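# Close look at the chain arrangement
In case you want the letters, here they are:
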Amino acid sequence: MAKPRAILKRTQSVKNIAKITKTMQMIATAKFKRAFDRAVAARPYTDKLTRLIGKLADAAGSEFEHPLLDKREPKKVVLLAISSNRGLCGGFNANATKAALQAHAALLERGLDVEVIACGKRVARMLKYKRVIADVEHTHIEDKPTFAEVDVIGSELLERYANGEVDEVHVAYTKFETAARQAAVVEQVLPLEPPQADEDAASGVQQNFIFHPSAEQILADLLPRSVRLHVFQAFLDSAVSEQTARMVAMKSATDNAVEMIRDLTMLYNRSRQTQITTELSEIIGGAAALE
Amino acid sequence: MAENAALTVSVVTPEGSAYEGQAHHVVAPAFDGEMAVYPLHAPMVAVLGHGELRITRTDGAGQNFYLSGGVLQVAGDEVSILAETVIPSRDVDVEQAHTELTEAMGTPAVGEVELDARMDRLDDARARIRVAGRSTGRNAPTADQILQKPVE
């Protein structure tokens with residue numbers, strides 16, 4: 001049996017680790033709430049934009065054409081992989097990277113030239129380990145992505161798409177579905193799917209809207225916005241998912257540490273008792289030998 | 001009805017809602033000039049430009065925002081404004097706008113796309129300066145600043 005002193009030392013270090021993981025869990029919980037509020041705050045904008053685009057699509061008719069809707073023969077595609085700058089959040093980064101790698105392999109199989117943009121130190125490092133070197137790395141986006149920060153990336157992609165440099169844009173990120181469910185997904189950002197005409201607008205409540213300047217032009221103004229919003233939403237979702245993943249990971253780490261402390265304490269008590277018993281029997285044995 | 005009719009205004013951005021509430025009337029910067037919306041306005045969708053959004057609440061108090069680009073929708077007595085940049089007018093940074101204006105002026109632009117982009121930056125900077133000048137009464141732009149066109 002191990003020496004009681006060594007066990008005591010180990011217990012102490014496990015206790016320290018438990019303290020750290022507990023704190024990290026609490027921080028992640030606080031950050032999760034904030035990130036969640038931000039993701040929810042974006043929702044009215046998304047809903048209204050989607051509904052408006054539906055309404056306009058209905059008004060503009062099916063002949064509406066826009067460069068962002070064109071499906072051209074793809075040659076060069078961009079894969080935007082989003083994860084975090086920090087680790088200690090369970091399988092969060094690994095899952096996001098896995099999704100990105102799968103998408104990357106699938107795109108290569110189609111014989112395309114793939115450019116990888118990695119957002120987050122972790123995903124960049126893990127991709128590099130798998131011999132996929134990111135062409136661009138963004139590591140400045142922390143756990144509170146602002147629209148302005150993210151928009152730099154979104155606008156650049158839009159511009160390059162408009163120039164014909166890039167023919168498709170995909171984004172791999174962790175979608176936040178519910179607090180208990182996040183899934184690493186790959187979505188196509190560009191070209192856009194043709195907007196679906198709004199059901200409500202078509203059925204009954206048809207109002208005669210004045211379009212200023214015209215439905216087509218407004219739609220042309222809104223489509224790039226919806227692309228940028230899509231990218232922003234991906235970053236927000238990823239930020240929320242990261243905090244949830246960290247919360248869960250740190251919770252189980254704390255639980256494990258507590259259990260370990262209990263086991264170690266029991267082991268310590270036992271070995272202490274064994275030691276005392278041994279010493280006692282030695283003394284008694286010694287005394288008996290003297291008689 | 002006309003007496004106590006009120007608009008329900010919501011200004012939303014991707015980062016959250018900037019204004020939510022009742023209003024007497026709203027003046028918004030449409031892409032080709034300012035437009036006002038009063039209750040009983042016809043249903044409408046308009047593209048917005050750079051400029052000041054002025055909301056006059058039912059108690060007469062005003063609330064002003066700088067916004068750049070976006071879209072306004074009027075449906076019934078509901079006014080929804082979607083914009084990516086919404087800043088309360090008094091928080092507009094004039095110095096930064098001046099710097100941007102000078103910078104945009106100094107950037108050479110060739111071709112339609114670049115010229116358009118530069119015009120957009122210039123419009124944005126000028127609108128910021130104008131809005132800030134109006135909200136504080138200081139830093140009002142001079143005629144030169146407003147009229148000065150970029151060198152082709």
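Only a predicted model underlies this, so the values are computations on that prediction, with no experimental measurement involved.

So, about the interface of chain A and chain B. Across the contact, 26 residues belong to chain A and 26 residues belong to chain B. Interface area lost by chain A to chain B is led by A:Tyr45, A:Lys48 and A:His212, which between them contribute 30%. For the interface between chain A and chain B, the tally reads two salt bridges. Measuring nitrogen to oxygen at the nearest pair gives 3.5 Å for the salt bridge that ties B:Glu84 to A:Arg225. At the boundary of chain A with chain B, the tally comes to nine residue pairs in polar contact (both at pLDDT 80 or more). When contributions to the side of chain A that touches chain B are tallied by element, the ones reaching two or more residues are helix H2 (43-60), helix H5 (147-163), strand S6 (210-212) and helix H7 (215-290) of chain A. Top element by residues in the side of chain A that touches chain B is H7(A). It accounts for seven residues. Where S6(A) meets strand S5 (residues 44-56) of chain B, three bridges bridge the pair, whose relative direction is parallel. Each bridged residue has a counterpart across the sheet, and for A:Phe211 the counterpart in S5(B) is B:Val45.

Put simply, side chains in a regular strand alternate between the two faces of the sheet. Residue and element names in this part refer to chain B. Within strand S6 (residues 62-75), 10 of the 14 residues are buried, leaving the element largely enclosed by the surrounding structure. Pairing of S5 with S6 involves 12 bridges; the strand directions are antiparallel. Bridge pairing in S6 places isoleucine 55 opposite glutamine 63. The loop that links S5 with its antiparallel partner S6 comprises five residues; one of these, glycine 60, has a positive phi angle of about 95°. Bridge count for S6 against strand S7 (residues 78-88) is 10 bridges, and the pairing is antiparallel. Across the sheet, the residue bridging to valine 71 is leucine 82, located in S7.

Moving on to unusual backbone geometry. Residue and element names in this part refer to chain A. The linkage connecting leucine 190 with the following residue, proline 191, adopts the cis geometry, with an omega of -10°. One can find proline 191 in the loop between strand S5 (181-190) and helix H6 (199-202). Here the amide bond leading from histidine 212 into proline 213 is cis, since omega sits at 10°, within 30 degrees of zero. By secondary structure assignment, the location of proline 213 is in the loop between S6 and H7. Its identity as a non-glycine residue notwithstanding, leucine 88 has a phi of 55°, on the positive side. Examined against the element boundaries, leucine 88 turns out to sit in the loop between strand S1 (76-82) and helix H3 (92-109). Its identity is not glycine, yet arginine 131 carries a phi of approximately 65°, on the positive side.

Rules and cut-offs
- Along each chain, residue indices are assigned from 1 in the same order as the chain's sequence is written.
- Chain letters and ligand numbers both follow the written order, the letters beginning at A and the numbers at 1.
- Residues qualify for local features only when their pLDDT is at least 70, as the model is predicted, and side-chain atom pairs are given and counted only at 80 or more; totals for whole chains, interfaces and linings, by contrast, use all residues.
- With hydrogens and water set aside, each side-chain value is computed from the structure's full complement of heavy atoms.
- Whether two residues are in contact is decided by their heavy atoms: any pair within 4.5 Å suffices.
- Throughout, buried area stands for the accessible area (probe radius 1.4 Å) lost by two parts on being put together, summed over both.
- For this document, the term salt bridge refers to a Lys or Arg side-chain nitrogen within 4 Å of an Asp or Glu carboxyl oxygen.
- Pairs of N or O atoms within 3.5 Å make up the polar contacts considered here, provided that, within protein, one atom can donate a hydrogen while the other can accept it, and that residues adjacent in sequence are counted only when both atoms are side-chain atoms.
- Strands are runs of DSSP state E lasting at least 2 residues, helices are runs of H or I lasting at least 4, and numbering of each runs from the N terminus.
- Paired strands are those between which DSSP finds at least two bridges.
- Exposure is judged per residue with a 1.4 Å probe applied to protein chains only, and the accessible area is read against the type maximum: over 50% gives exposed, under 20% gives buried, and values in between give partly exposed.

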